[in-house]
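# Survey of secondary and tertiary structure
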Amino acid sequence: MRQQRRSGKKKSPSTVKQPITADDLYRIRVAEDPRLSPDGETVAFTVWEIDREANRNRRAVWTVPTTGGAPARLTYSEGNEWAPRWSPDGRSLLFVSDRSGSPQLYLISPSGGEGRRLTALSGGVLEGCWNPDGFRIAVLSAAADEPEAAAPLPPTPDAEAPDPLVVTVLPY
């Protein structure tokens, strides 16, 4: 305030403090779970926001170059998408989505396109991660009443993917 009096300048409308309103809450977006690509050039992350019309929260996967530039939304389903994970070669992103009902694991190109569903687990998927060789994926899922048979993943363009290993008991 003292500076304002001395200089005679008034504060611009964008710098005037105002109390937060309920409408302000609907404009808030929160970036979560940033993941740096293997080449260090791109960050994949989740954006959380409130969908006022649907009266629910929404999450989508976005990317942004580390050198600056506009962020780009990567997923556009009516569901929620979260937990992006880069493949070791940086050519694919795993993510979890509830677009089909229960959360399942999907694969998408970082340049965009439609996500391809990889799992159909009745307990849903909590998270997935790549093996460093890029040919295997570990999936964390809630326990089902009965162990499920795992469906093999479709072959990758470069090589045949091995059948999944299903662990039904974790001793401790």
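Here the structure is shown first, and the text comes after it.
Heads up: these notes are all about the structure in this document. (Residues numbered from 1 in each chain as written. Predicted model: local features only at pLDDT ≥ 70, side-chain atom pairs only at ≥ 80, totals over all residues. Heavy atoms only, no water.)

### As for the pairing of strand S1 (residues 29-36)
Counting buried positions along S1 yields zero of eight residues, so the element is predominantly exposed. Sheet analysis places S1 next to strand S2 (residues 42-51), joined by six bridges and oriented antiparallel. Residue pairing for S2: arginine 29 is matched across the bridge by glutamate 49. Here S1 folds back onto S2, and the loop between the two strands holds five residues, one of which, glycine 40, carries a positive phi near 75°. (Buried < 20%, exposed > 50% of the residue type's maximum accessible area, 1.4 Å probe, protein only. Helix = DSSP H or I, 4+ residues; strand = E, 2+ residues; numbered from the N terminus. Pairing = 2+ DSSP bridges.)

### A word on the pairing of strand S5 (residues 81-86)
Judged by how many residues are buried, S5 sits mostly within the fold: five of six residues are covered. Inspection of the sheet shows S5 paired to strand S6 (residues 93-97) by four bridges, in the antiparallel sense. Bridging from a neighbouring strand, arginine 85 pairs with leucine 94 of S6. Taken together, S5 and the strand that follows it, S6, pair antiparallel across an intervening segment of six residues, in which glycine 90 is found at a positive phi of about 75°.

These results come straight from atomic positions and should not be treated as a statement about function.
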